[in-house]
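Reading the structure
Each chain, letter by letter, is given below.
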Amino acid sequence: VQLQAFGGGLVQAGGSLRLSCATSGRTFSSYVMGWFRQAPGKGREFVGRISGSGSGTYYADSVKGRFTISRDNAENTVYLQMNSLKPEDTAVYYCAAGPNTYTYAYWGQGTQVTVSS
């Protein structure tokens, strides 16, 4: 499975961005898809995840109510809609795929999100 995240950029605080993660393979709907981020000088942080069917989502407290994960299994793509962005959301964002909520075996290359104050 290959993943490629894109859609990052520079946005002002309070603004919005939508990240996309395109995947290869014919079994996309069988994977839990997760989003993670890593800010400069910090460790990788879980952002949220979505079940294979798209019916279940779970978010970190830091983004709950502001970020929304969705997926289009016909297009093999998962999205991260980010609203009300804050400077502390600045990070490289990664998408990942795995067989369950605890194991992410495949990772994309990351896309930079910068939120200016």
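Just above, that's the structure.
If you're wondering where the values come from, they're calculated on a predicted model, not measured in any experiment.

1. Considering the overall build of the chain
What the chain contains, in helices and strands, is zero helices and 11 strands. Ordered by position from N to C terminus, the α and β elements of the chain give β-β-β-β-β-β-β-β-β-β-β. Taking 117 residues into account, the globule formula puts the C-alpha radius of gyration at 13 Å, and the chain, at 13 Å, falls close to it. Considering only C-alpha atoms, the chain reaches an extent of 40 × 25 × 25 Å along its principal axes. The proportion of buried residues among the 117 residues of the chain is 43%. For the chain, the share of sequence-separated contacts (at least 6 apart) that also reach a separation of at least 24 residues comes to 52%. Roughly 6000 Å² of accessible area belongs to the chain as shown, and the carbon and sulfur atoms make up 47% of that amount. Treating the 10 positive side-chain charges of the chain as one cloud and the 6 negative ones as another, the clouds have centres 4 Å apart.

2. Examining the pairing of strand β8 (residues 77–82)
Burial analysis of β8 places five of its six residues in the buried class, the great majority of the element. Sheet analysis places strand β3 (residues 17–23) next to β8, joined by six bridges and oriented antiparallel. Among the inter-strand pairings, R18 is bridged to a residue of β8, identified as Q81. Both strand β7 (residues 67–72) and β8 contribute to a ladder of six bridges, which runs antiparallel. Each bridged residue has a counterpart across the sheet, and for T68 the counterpart in β8 is Q81. Connecting β7 to the next strand, β8, in antiparallel fashion are four residues, including N76 with a positive phi near 55 degrees.

3. A word on the sheet that holds strand β1 (residues 3–6)
Read across the sheet, four strands follow the order β1-β3-β8-β7 without closing on themselves; strand pairing throughout is antiparallel. Looking at the sheet topology across the chains shown, the edges are occupied by β1 and β7. On average, adjacent strands in this sheet sit at an angle of 15 degrees to one another, irrespective of strand direction. Pairing analysis gives four bridges linking β1 to β3, with the strands arranged antiparallel. Pairing of Q4 across the sheet is with A22, part of β3.

4. Structural notes on the side chain of S20
Looking at the element boundaries, S20 is found in strand β3. Overall, the relative accessible area of 9% leaves S20 in the buried class. In contact with S20, other than residues within four places in its own chain, are Q4, A5, F6, W35, T77, V78 and Y79.

Procedures and definitions
- Residues numbered from 1 in each chain as written.
- Predicted model: local features only at pLDDT ≥ 70, side-chain atom pairs only at ≥ 80, totals over all residues.
- Heavy atoms only, no water.
- Helix = DSSP H or I, 4+ residues; strand = E, 2+ residues; numbered from the N terminus.
- Rg over C-alpha atoms; globule rule 2.2 N^0.38 Å.
- Buried < 20%, exposed > 50% of the residue type's maximum accessible area, 1.4 Å probe, protein only.
- Contact = heavy atoms within 4.5 Å.
- Areas by Shrake-Rupley, 256 points an atom, 1.4 Å probe, with all protein chains shown as cover.
- Lys, Arg positive; Asp, Glu negative; His and termini not counted.
- Charge placed at Lys NZ, Arg CZ, Asp CG, Glu CD.
- Pairing = 2+ DSSP bridges.
- Axes fitted to C-alpha atoms, helices over the stretch in contact; angles between N-to-C directions.

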